[in-house]
Amino acid sequence: MTRPSLTKMAASLGRLCVRGAVWSRTSGAALPLGVRVLCTQPPEQFDVSRYKEQPWEYLNSEEYVERYGARAVWADYRRNHKGSIPPQKTRKTCIRGTKICGNPCPICRDQNLGVDVRNVKLLQQFICPYTGVAYDATRTGVCRKQHKRLVKAIAEAEDIGLLQVSVQHKDITFGDYSQDHGAVTQTPPPPAGPWYSWYEWQQPAEKEIVKLQKLYKPYWKQMKGEQ
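Counting restarts for each chain, with residues numbered from 1 along the sequence as it is written. Only residues with pLDDT of at least 70 are given local features in this predicted model, and only at 80 or more are side-chain atom pairs given and counted; all residues enter the totals for whole chains, interfaces and linings. Neither water nor hydrogens contribute to the side-chain values; these are computed over all heavy atoms in the structure.

(A) Looking closely at helix 5 (residues 144-160). Only runs of H or I of at least four residues qualify as helices and only runs of E of at least two qualify as strands under DSSP, and these elements are numbered from the N terminus. The span expected for a helix works out to 1.5 Å for each residue beyond the first. If you check helix 5, its first and last C-alpha atoms are 25 Å apart, about what 17 residues at 1.5 Å a residue would give, namely 24 Å. Those residues of helix 5 lying buried are Gln146, His147, Leu150, Ala153, Ile154 and Ala157. For helix 5, the angular spread of the buried residues around the axis is 130 degrees, confining them to a single face. Opposite the buried face of helix 5, at more than 90 degrees from it, the exposed residues are Lys148, Lys152, Asp159 and Ile160. Any two residues whose heavy atoms approach within 4.5 Å are treated as being in contact. Against the buried residues of helix 5 lie helix 3 (120-124) and helix 4 (137-140). Phi turns positive, to about 95 degrees, at Gly161, one or two residues after helix 5. When accessible area is computed with a 1.4 Å probe and restricted to protein chains, residues below 20% of their type maximum are described as buried, those above 50% as exposed, and intermediate ones as partly exposed. Each direction from the helix axis to a C-beta atom contributes to the arc, which is the arc of those directions.

Below, the structure is given as structure tokens:
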């Protein structure tokens, strides 16, 4: 049979395979199960969520060693950009609904990498060994959404004790907190006169006191017992 004849025959049948059932465009009803001429069973997809409950097991698997080896997951990542100057900020997110951008970040490109508080080996790859602070997103290349998740997971892991926190050690000399220190002296006694040399109490004149009393007399509060 020629190609045009096959096309006409397929158009005349007008059948669609939706969710394992064969439908007819003309009648709008399901055809018998025996009439599955143009419908084939979809292949079983690879289960990408087998590490969803325990994401730390992926880092111990042979698949991870074959893909990354002993390097960090972001070590070989390079983002595509226009021009010779790379962008100053990473993208907001790599996955918008069902659409995935081109060249996603190291976390979004591998669905087996799960950002979790218990996934200590993954979190350690994003922490500077000298300062103990998480790397900036511009260095690791992760999107800002994944960077916020990483920073939050690192902080929670440090709080519950899964990650070590480096605290700078400082020797305390008890001489700094004793009375023997040279900068510590006894408080001098108060002077005999006024504390400040420029301040001295001056009694106002009697005329000014009587004038103020007449001015504020309507606003005085009468004491109990007075009429």
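(B) How the structure looks around the pattern of salt bridges. In what follows, salt bridge is the name for a side-chain nitrogen of Lys or Arg lying within 4 Å of a carboxyl oxygen of Asp or Glu. Following the criterion strictly, the structure yields 4 salt bridges and no others. Note that Arg50 and Glu63 form a salt bridge whose closest N and O atoms lie 3.0 Å from each other. Here Arg50, found in the loop between strand 2 (21-24) and helix 2 (62-68), pairs with Glu63, found in helix 2; they are 13 residues apart in sequence, far enough to count as distant. A salt bridge links Arg67 to Asp110; the shortest N-O distance between them is 3.3 Å. Remark: Asp110 occurs in the loop between strand 4 (99-100) and helix 3 and Arg67 occurs in helix 2; sequence separation between them is 43 residues. We classify Arg67 as partly exposed; its relative accessible area is 43%.

(C) Representation of the nonpolar core in the model. Among buried residues, the Ala, Val, Leu, Ile, Met, Phe, Trp, Tyr and Cys ones that are joined through side-chain atoms within 4.5 Å form a nonpolar core. One finds Val73, Leu113 and Phe126 to be the most contacted residues of the largest nonpolar core, which totals 30 residues. Those elements giving two or more residues to this core turn out to be helix 2, helix 3 and helix 5. With sequence-adjacent residues up to four places away left out, Phe126 is seen in contact with Val73, Trp74, Ile107, Val133, Ala134, Tyr135, Thr140, Val142, Leu150 and Ile154.

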